[in-house]
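As a plain string of letters, each chain reads:
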Amino acid sequence: MEVAISMFLAEEITATDERLNYLSHEELSLICPHRECRELVFHKPCIEGKRVPHFSHFKETGKNCKLERKGNTHSGEPSKDSESREQSLEKFQTKFKDILDQAIINNPNQTISSINELKECRLQGLSLVDTHKIDIPSWLSWFKKERKLIEEIALSLIKNNNELSKIQGRVLTYIVDYLCVPASEYILEDILYYVFYLLNKNVSVNNDSQEVCSKVIELILYVSRSLTFDEFPSEAIGKHEILNFGKTLGEIGTKLEKEHQRIINEPERGFGFNKFGLYRPFGYESWKETELEYISGKRKQNKKGKIRYVKSKGKSPQKLSICWETDGSEQHLIFKHNSVIVATFSKLNNDSLQWKPLSGFNKLSRQIAIPTWYQYDPILSTSLEQFFLQWLVSQGFAEHLSLCSRRRAYSPALVKLLLLYMSYAAEQTEISTETELLGSDMQVSLDKVGETYKNLISGLVQDTPHMKRIYELDETFALQAVKPTE
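The rules behind each value
Residues numbered from 1 in each chain as written. Predicted model: local features only at pLDDT ≥ 70, side-chain atom pairs only at ≥ 80, totals over all residues. Heavy atoms only, no water. Helix = DSSP H or I, 4+ residues; strand = E, 2+ residues; numbered from the N terminus. Buried < 20%, exposed > 50% of the residue type's maximum accessible area, 1.4 Å probe, protein only. Contact = heavy atoms within 4.5 Å. Areas by Shrake-Rupley, 256 points an atom, 1.4 Å probe, with all protein chains shown as cover. Pairing = 2+ DSSP bridges. Expected span 1.5 Å × (residues − 1). Arc of directions from axis to C-beta. Salt bridge = Lys/Arg side-chain N within 4 Å of Asp/Glu carboxyl O. Axes fitted to C-alpha atoms, helices over the stretch in contact; angles between N-to-C directions. Parallel < 35°, antiparallel > 145°, perpendicular 65-115°, else oblique. Left-handed = near helix turned anticlockwise from the far one by under 90°. Patch = residues over 30% accessible without salt bridge, like charges linked within 9 Å, V, L, I, M, F, W, Y side chains within 5 Å. Lys, Arg positive; Asp, Glu negative; His and termini not counted. Charge placed at Lys NZ, Arg CZ, Asp CG, Glu CD. Disulfide = S-S within 2.5 Å.

Right, let's talk about the overall build of the protein for a bit. Broken down by element type, the protein carries 15 helices and 15 strands. Each of the 486 residues in the protein was classed as buried or not, and the buried ones make up 50%. Intrachain contacts of the protein at a sequence separation of at least 6 include 63% that bridge at least 24 residues. Entry remark: accessible area of the protein is about 24700 Å², with carbon and sulfur atoms responsible for 48%.

Glancing now at the pairing of strand 2 (residues 11-14). Residues E11 and I13 line the buried face of strand 2, whereas the alternating positions E12 and T14 sit on a face that is not buried. The turn joining strand 1 (residues 3-6) and strand 2, which pair antiparallel and follow one another in sequence, is formed by 4 residues; a positive phi near 60 degrees is taken by A10.

Taking 1.5 Å as the rise per residue, helix 3 (residues 115-132) with 18 residues should run 26 Å; its terminal C-alpha atoms sit 26 Å apart, in good agreement. By the burial criterion, the buried members of helix 3 are L118, C121, R122, G125, L128 and V129. Buried residues along helix 3 cover an arc of 110 degrees about the axis, so they all sit on one side. Exposed residues on helix 3 whose side chains face more than 90 degrees from its buried face are N116, L123 and T131. Positive phi appears at K133, one or two residues downstream of helix 3, with a value of about 55 degrees.

Another point: the pattern of salt bridges. Tallying each qualifying case throughout the model produces 11 salt bridges. In this structure, the salt-bridge partner of K239 is E427, at a minimum N-O distance of 2.8 Å. You can see K239 sitting in helix 9 (residues 239-259) and its partner E427 sitting in helix 13 (residues 412-438), a full 188 residues away along the chain. The pair K239 / E427 is uniform in exposure class, with both members buried. The network of salt bridges with shared partners includes R35, R38, R147, K148, E151 and D177.

Take the packing of helix 5 (residues 147-159) against helix 8 (residues 205-219) next. Two elements in contact, helix 5 and helix 8, have axes whose closest approach is 10 Å; the angle formed by their N-to-C orientations is 55 degrees. On the basis of the axis angle, helix 5 is oblique to helix 8. Seen from above, helix 5 lies across helix 8 with right-handed handedness. Across the interface between the two elements, L149, I150, I153, A154 and L157 from helix 5 touch Q210, C213, S214, I217 and E218 from helix 8.

Attention now goes to helix 4 (residues 136-145). Those residues of helix 4 that sit buried are I136, W139, L140, W142 and F143. Down the axis of helix 4, the buried side of the element spans an arc of 155 degrees, and every buried residue falls inside it. Turned more than 90 degrees away from the buried face of helix 4 sit P137 and K145, all of them exposed. Here the buried face of helix 4 lies against helix 3, helix 5, helix 7 (185-199) and helix 8.

A few words on the sheet that holds strand 3 (residues 30-31). Spatial ordering of the open sheet is given by 2-1-3, a layout of 3 strands whose pairing is antiparallel. Lying at the two open borders of the sheet, with one neighbouring strand each, are strand 2 and strand 3. Pairing of strand 1 with strand 2 involves 4 bridges; the strand directions are antiparallel. Note on strand 2: the bridge partner recorded for A4 is I13.

Time to look at a positive patch on the surface. Together, K298, K300, K306, R308 and K313 make up a region of like positive charge exposed at the surface. Mapped onto the elements, K298 comes out in strand 8 (residues 289-301).

We now examine the environment of C46. Note that C46 resides in the loop between strand 4 (41-44) and strand 5 (54-57). When the C-alpha positions of C46 and T16 are compared, they lie 8.6 Å apart, and in sequence the two are 30 residues distant. In this view, C46 contacts R51, V52 and P53; residues no more than four positions away in its chain are not counted.

To continue, consider the state of the cysteines. Here the structure, examined in full by the defined rule, presents 0 disulfides. The closest cysteine sulfur to the non-disulfide-bonded C32 is located on C65, 3.5 Å from its own sulfur. Judged by its relative accessible area of 0%, C32 falls in the buried class. The class for C65 is buried, based on a relative accessible area of 11%.

Position of L188 relative to the elements: it lies in helix 7. The class of L188 is buried, set by a relative accessible area of 2%. Separated by 88 residues in sequence, L188 and L100 have C-alpha atoms that sit 9.9 Å apart. When neighbours within four sequence positions are excluded, L188 is seen to be in contact with L140, F143 and L179.

In this section: the pairing of strand 11 (residues 331-337). Sheet topology note: the strand 10 (residues 318-326)/strand 11 ladder contains 7 bridges and is antiparallel. The residue of strand 11 that forms the bridge with C323 is I334. Taking the residues between adjacent antiparallel strands as the criterion, strand 10 and strand 11 are bridged by 4 residues, where G328 takes a positive phi near 110 degrees. As paired elements, strand 11 and strand 12 (residues 340-347) share 7 bridges and run antiparallel to each other. Paired with F335 across the two strands is A343, which belongs to strand 12. Hairpin geometry of strand 11 and strand 12 is characterised by an intervening segment of 2 residues between the two adjacent antiparallel strands and by a positive phi of about 55 degrees at N338.

This is the structure in structure tokens:
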């Protein structure tokens, strides 16, 4: 199995994903992507010459799944490892139950405030089951067989709830689906006892199935609030953040002019700085590429509830980079992830713009990145495109870009085209938001792109004469209609 679904992140994850480790099934809640299965799976890393990385079901789950490999995938595992895996499955189920219990307690429509109160209510629900002779096995069987109908009920409840984002809604549907798999039967049974307590009447599968199902879903409707993905940005980087970046550039530039005049003017005497902050002869060619080295990270929370982000052990450094290229009359920014091109932004010879992201650039994929350079804070992003933008609008990059521009370490052409891309991205996000709200297609206004671009350039040069000379901007600067991507 080459792909799994992260239930808590609501995204597909491939077996070669850098974030994966021995405990990923627990940390990311990995489930089978087959619609009729959805049982928990775990990651098997690559063993050179023996196996490719893939996902596999636990020994007691997914026996009838169509995606499982032929034969017993556990036959080659040492018995101790197999036992450890089954203990991991049990551990995850305990964690899953705790999450749902907490979601019920935290539900604003419930009056209980502790796990002990929840247990007491369940005992009363169990008493009602005995009194009314409610057929629990039939209820569990109904939830197992009617998963498609249950999903439709969940989607209807989500649609009518304005407090849930799209991603939170997707997480909820995966959690509801997982609640119906055989491994979660005892968890569902506990929730049903609480539902019967709330309804306080005799219920039957034939007459009350949708009412009971709706109640189950309503109880865990806010489950996403207890999951870690809520720390990730809920909205894309937009015009506001990018204009703030221009303001930050101006503030940093003013500070540099006041505090480091001698260093700033050093290039005029024939010296600059290399990527490590060391002097070098200015005769060398300016950099035409900017990059960010990082290591995948993870979230840690101490006993006091304080959250911090740390590098994942055993992970190799990765790299984002943006390179400026020209073929004479046209300029291009080449976006790369680990040296693989993922997007291109071009200013063509007629001053039109062209944005060409490759497939997967906008795909939902949460990333915690710990930059290896001290001036950067951890970066949390929800797609590769947002990862680039989170990096570009960060305080660390603003300081880096401002200082390197003043020292003439960067090619002015790279800086200007980079700021033009950021201006375009700002307007593109605005249009995407309006299109979603209004339900109609709209085009990016290149006049507004030009205004934002001038704002960013102004922030970079402030009123510094030597910076104005380097980043001179024609007052008649204008852009033509966007050329459609091919």
